[in-house]
Amino acid sequence: MNLPNLFLADLPREAVLTPSLVRDACIAVKRNRAAWLATRPVQELVELLAYAAERWREPEFGFRRLALERGPAELGMGVATLARGLDDFLHQLTVEGQTALLTQDLGDVRRLDEFCGPAPELRQGRTAFASGPELLVHVAAGTLPSSSLMGLVLGVLTKSAQFLKLSSRCNIVTRLFAHSLADLEPKLGRCLEMATWPGGTESLEAALWEQADCLRVEGSDEAVAAIRARVGSRTRFIGHGHRLSFGFVAHEALSGYLARKVAARAAADVTAWNQLGCLSPHVIYVEERGSMSPEGFAELLAGALEEREAAEPRGNLTVEEAAEIRTRRSLHELRARRHLQEREGAETMPRGAFFDPPGQGTRVWGPTDSTAWTVVYEDDLSFRPSCLNRFIYVKPCADLSRILQAAEVVHGRVSTVGVAAPEGRMQELAAALARWGVTRVCPLGRMQQPPLAWRHDGRPPLASLVTWTDVELGP
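Model, not experiment: these values are computed from the prediction. (Residues numbered from 1 in each chain as written. Predicted model: local features only at pLDDT ≥ 70, side-chain atom pairs only at ≥ 80, totals over all residues. Heavy atoms only, no water.)

## As for the overall build of the chain
Item 1. From N to C terminus, the chain includes 16 helices and 14 strands.
Item 2. Compactness check: the chain gives a C-alpha radius of gyration of 24 Å against a globular reference of 23 Å for 475 residues, within 12% of the reference.
Item 3. Principal-axis analysis of the C-alpha atoms places the extent of the chain at approximately 80 × 60 × 45 Å.
Item 4. Sorting the 475 residues of the chain into buried and exposed places 54% on the buried side.
Item 5. Counted over contacts in the chain with a minimum sequence separation of 6, partners at least 24 positions apart contribute 73%.
Item 6. Entry remark: accessible area of the chain is about 20,400 Å², with carbon and sulfur atoms responsible for 51%.
Item 7. Here the chain contributes 54 positive and 58 negative side-chain charges, whose respective centroids are spaced 2 Å apart. (Helix = DSSP H or I, 4+ residues; strand = E, 2+ residues; numbered from the N terminus. Rg over C-alpha atoms; globule rule 2.2 N^0.38 Å. Buried < 20%, exposed > 50% of the residue type's maximum accessible area, 1.4 Å probe, protein only. Contact = heavy atoms within 4.5 Å. Areas by Shrake-Rupley, 256 points an atom, 1.4 Å probe, with all protein chains shown as cover. Lys, Arg positive; Asp, Glu negative; His and termini not counted. Charge placed at Lys NZ, Arg CZ, Asp CG, Glu CD.)

If you want it as structure tokens, here you go:
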């Protein structure tokens, strides 16, 4: 399949982007939006997106096949991993999922079409209309396509012209999805634009920021702050910086058979998108007092990751990424030998802060001939960020309150906690995590499968974009 040159991102690499080219592209998509998208009923757009998602789930669909052909090399992940991540997103993009999102955020699915409102507002003699940005600009992070796909969907639902500034390391899937929308409805395709250039190219970005009504930025905290500082006050700014996540296994979930299922769910979370998103766990905390020890659970998780690797290979990493895993794994293996020597009373042992943690137990599991996956068990409770790409820590804990004390270093930066616990404890655990500042709690095994209506960083995704017009009716 050969892609037509619909977007700036489709131009040959040697093509030179200029500020005037970016400015003209913004003006064109805004003009096309006024001529078509701004007047479409939202239900029509919901059905169009749902139909596109349905086509993408078909194995022989041309755009999907091309994404699975070109995507793995760009993203550094296996075909099966990319396919699972895409399907997890596409299964949410149904009429029902979008209706739930619109209802949750706007109170009524018709809010973007006409003045209306839920019963409590109508009883007070009030209605309201929601308007999306004329031009919604996205700056996508360079890790996963799911975030830029979600941004694209939000922009269509709010009837906004859109310009996506994509990463050169992560753009093929989003480009192909946009092409598929343009193929399905050319008038919608003419309301979309996308391009790639190195972050911090001030002349191009100044031209883009000047045209934006709303700027939605995802990336590192530093990148988000740098862009925020350069955006004028009339432009609405929505920034999503770096977040981390972890898992928690309650002691009740550690009976023999159930423990294996929980380990398989944890392995699903560790391998989803190769652990690269903010929703992937860095650490799995395992409560003591179960019929299986936390160390035993770590061994089960290692087995589950080995099975996952056989069915869903991780894919190739860069030299730097692989070297980081080898280095960190080697250090933990040294620490494990040091702890073993200490228990056996050896006279000479490696010394230093890394080798003298408060705990006494470290074990490492992983294939000897590759870095495909790694499990490190440590009885040191402190939160330790993973180097990702299927590298996970398992740590024992007395209870959730001890974890939250140990994780104080990432307080305010935790996105998701995946929990394996009996239903009767979930509310208690979720309440404690919410009070501590966690913005999403979900079952372990679904950390990288947020619903479409998920409140990213605790904020409503659609409601953050719109501007309201309220009407107070007579007498």
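Now, onward.
## Topic: helix 16 (residues 423-436)
Item 1. Taking 1.5 Å as the rise per residue, helix 16 with 14 residues should run 20 Å; its terminal C-alpha atoms sit 21 Å apart, in good agreement.
Item 2. Within the sequence span of helix 16, burial applies to Arg425, Leu429, Leu433 and Trp436. Down the axis of helix 16, the sector holding all buried residues measures 65°, keeping them to one side. Opposite the buried face of helix 16, at more than 90 degrees from it, the exposed residues are Glu423, Gly424, Gln427 and Arg435.
Item 3. Buried residues in helix 16 make contact with strand 7 (244-249), strand 8 (281-287), helix 15 (400-406), strand 12 (414-420) and strand 13 (440-443).
Item 4. Immediately downstream of helix 16, the backbone of Gly437 shows phi near 115°, a positive value. (Expected span 1.5 Å × (residues − 1). Arc of directions from axis to C-beta.)

## Some remarks on the environment of Ala322
Item 1. Secondary-structure assignment places Ala322 in helix 14 (residues 319-344).
Item 2. Distance in space between the C-alpha atoms of Ala322 and Ser370 is 8.9 Å, their sequence separation being 48 residues.
Item 3. Leaving out residues up to four positions away in the same chain, Ala322 has contacts with Leu317 and Thr371.

## As for the state of the cysteines
Item 1. Here the structure, examined in full by the defined rule, presents 0 disulfides.
Item 2. The closest cysteine sulfur to the non-disulfide-bonded Cys191 is located on Cys26, 13 Å from its own sulfur.
Item 3. Not part of a disulfide, Cys278 finds its nearest cysteine sulfur in Cys170, a span of 13 Å.
Item 4. Of the residues examined, Cys278 reaches a relative accessible area of 31% and is grouped as partly exposed. (Disulfide = S-S within 2.5 Å.)

## Section: empty space enclosed by the protein
Item 1. The full count for this structure, using the stated rule, is 1 cavity of 30 Å³ or more.
Item 2. If you add up the space inside the largest cavity, you get close to 30 Å³.
Item 3. Every residue lining the largest cavity is listed: His138, Val139, Ala140, Ser147, Ser148, Arg216 and Glu218.
Item 4. Looking at the lining of the largest cavity, the elements that each hand over two or more residues are strand 2 (135-139), helix 7 (145-157) and strand 5 (214-218). (1 Å grid on protein atoms, 1.4 Å probe; cavity = no way out; pocket = protein on both sides within 12 Å on 5 of 7 lines; lining within 4 Å. Points joined across faces, edges and corners; volume = space filled by probe spheres on them.)

## Here we look at the layout of surface pockets
Item 1. Put simply, the second largest pocket is a space of about 540 Å³.
Item 2. Along its surface, the second largest pocket is lined by 18 residues, and Ala9, Leu11, Arg13, Asn171 and Thr196 are the ones closest to its centre.
Item 3. Looking at the lining of the second largest pocket, the elements that each hand over two or more residues are helix 3 (62-75), helix 8 (172-184) and strand 4 (192-196).
Item 4. Broken down by class, the residue content of the lining of the second largest pocket amounts to 11 nonpolar, 3 polar and 4 charged. (Nonpolar A, V, L, I, M, F, W, Y, C, P; charged D, E, K, R; others polar.)

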